[in-house]
Amino acid sequence: MPGYKDWIDTIDIRIDYYSAFMKAWIAFNAWYNYSGEIAGKNDKEHIDSIAQTSNRFREYIVNLLRAEDSEGASYRDNVANLHEALQNAALMTQEYIGTRQAISFSSVASKNLNAAERFDYYKNHYECTRIRGKIITSVKEKSTGVEIFHFEQDEYDEEALQQQSVYVSLTPTQRESCLRCYGKMTPYVIESVLSKPEDVGSPDRSKKIGAYSFVKDDVKISRAIVVVLYMLRCCLAHGDFSPDEASNNVYKYAYEVLCIPLKKLR
């Protein structure tokens with residue numbers, strides 16, 4: 001027969017926010033896969049589409065970030081709490097961009113929409129473009145127009161570029177310039193949605209969310225929220241961390257940040 005000590009041990013009931021978050025994500029996943037509102041062939045493409053294009057889910061987030069009512073205030077508090085929880089938990093994942101990355105509002109991976117990069121340096125013209133799904137890298141002599149390097153890829157791969165025999169035969173300056181041009185084609189760019197130190201406190205350049213200063217751009221913040229939520233989904237689905245109080249706290253606020261706009265999709 002259980003004694004009073006057993007009952008005392010059950011006082012601190014912890015909600016399993018990992019399961020709560022994943023249950024909410026399943027509903028979100030069903031919406032972007034089957035509603036017909038979001039373009040994409042897989043989860044990553046769907047998330048990129050949600051983050052980068054106008055759609056109901058992202059617009060609900062933007063509206064909540066701007067709303068002056070109690071719902072908007074509560075949502076912004078949850079975003080601030082999520083930011084603080086992420087700082088305390090230091091969660092990382094490599095499932096989103098292929099390299100291990102901290103999940104944080106200070107380093108958000110955004111889809112790189114740059115389709116071309118061109119510049120002249122010294123005697124050469126450098127050009128990298130995305131054309132019909134391929135990345136094309138070219139180096140030409142400015143004076144003659146003769147192409148001294150040409151490489152086409154289906155996917156961004158810096159190592160593959162550097163292994164090309166013609167690339168190796170370029171001068172160090174040419175290789176460095178070529179790589180600088182090629183780097184502009186990286187699939188994702190890392191951005192912060194937190195205010196720069198010099199912008200903190202300026203109502204024209206920063207937005208106060210809880211105790212924190214974010215950039216003065218609700219659409220950019222909404223994109224970051226979508227990406228952070230997806231990275232947390234990846235982190236949890238692939239077991240990239242050891243569950244503890246700090247990480248459970250992250251998923252508590254991630255659950256709230258996901259659920260409020262998600263329920264508006266009904």
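Right above here is the structure, for reference.
Residues numbered from 1 in each chain as written. Predicted model: local features only at pLDDT ≥ 70, side-chain atom pairs only at ≥ 80, totals over all residues. Heavy atoms only, no water.

1. Points about the overall build of the chain
Broken down by element type, the chain carries 10 helices and 10 strands. The proportion of buried residues among the 266 residues of the chain is 42%. Sequence separation of at least 24 residues holds for 57% of the intrachain contacts in the chain that already meet a minimum separation of 6. A total of about 14500 Å² of accessible surface is found on the chain, and carbon and sulfur atoms cover 50% of it. When the 33 basic and 37 acidic side-chain charges of the chain are each reduced to a single mean position, those positions are 4 Å apart. (Helix = DSSP H or I, 4+ residues; strand = E, 2+ residues; numbered from the N terminus. Buried < 20%, exposed > 50% of the residue type's maximum accessible area, 1.4 Å probe, protein only. Contact = heavy atoms within 4.5 Å. Areas by Shrake-Rupley, 256 points an atom, 1.4 Å probe, with all protein chains shown as cover. Lys, Arg positive; Asp, Glu negative; His and termini not counted. Charge placed at Lys NZ, Arg CZ, Asp CG, Glu CD.)

2. What about the packing of aromatic side chains?
This structure, assessed with the given rule, holds 17 aromatic pairs. Ring centres 5.3 Å apart and planes at 70 degrees place the aromatic pair phenylalanine 21 and tyrosine 251 in the edge-to-face group. Taken together, the residues phenylalanine 21 in helix H2 (residues 17-34) and tyrosine 251 in helix H10 (residues 245-263) connect sequence positions 230 residues apart. Within the aromatic cluster, the residues linked to one another by ring pairs are Tyr18, Phe21, Trp25, Phe28, Trp31, Tyr32, Phe57, Tyr230, Phe241 and Tyr251. Stacked on the ring of tyrosine 188, the Lys or Arg lysine 111 has its end atom at 5.5 Å from the ring centre. (Phe/Tyr/Trp six-rings, centres within 6.5 Å; stacked < 30°, edge-to-face > 60°. Lys NZ or Arg CZ within 6 Å of the ring centre and 35° of its normal.)

3. Some remarks on the pattern of salt bridges
Tallied over the full model, the rule gives 9 salt bridges. Where glutamate 71 meets lysine 264, a salt bridge forms, and the shortest distance between an N and an O atom there is 3.1 Å. Taken together, the residues glutamate 71 in helix H5 (residues 70-89) and lysine 264 in the segment after H10 connect sequence positions 193 residues apart. Judged by its relative accessible area of 29%, lysine 264 is partly exposed. With a shortest N-O distance of 2.6 Å, arginine 205 and aspartate 199 are connected by a salt bridge. The class of arginine 205 is partly exposed, set by a relative accessible area of 45%. (Salt bridge = Lys/Arg side-chain N within 4 Å of Asp/Glu carboxyl O.)

4. Some remarks on the nonpolar core
With 57 residues, the main nonpolar core has Phe28, Phe57, Leu82, Ile225, Leu232 and Tyr251 as its most contacted residues. If you list the elements that add at least two residues to this core, you get H2, helix H3 (43-52), helix H4 (56-66), H5, strand E10 (212-215), helix H9 (218-237) and H10. Looking at which element gives the most residues to this core, the answer is H9, with 13 residues. Apart from the residues lying within four places of it in its own chain, the contact partners of tyrosine 251 are Tyr17, Tyr18, Phe21, Leu91, Leu232, Cys235, Leu236 and Phe241. Core analysis: the next-biggest nonpolar cluster, separate from the first, contains 14 residues, Ile135, Val139, Leu170 and Tyr182 among them. (Core = buried A, V, L, I, M, F, W, Y, C linked by side-chain atoms within 4.5 Å.)

5. Description of the state of the cysteines
This structure, assessed with the given rule, holds 0 disulfides. There is no disulfide at cysteine 178, and the cysteine sulfur nearest it, in cysteine 128, is 5.9 Å away. Cysteine 234 provides the cysteine sulfur closest to cysteine 259, a residue in no disulfide bond, and the two sulfurs are 18 Å apart. Look at cysteine 259 and you get buried, because its relative accessible area is 9%. (Disulfide = S-S within 2.5 Å.)

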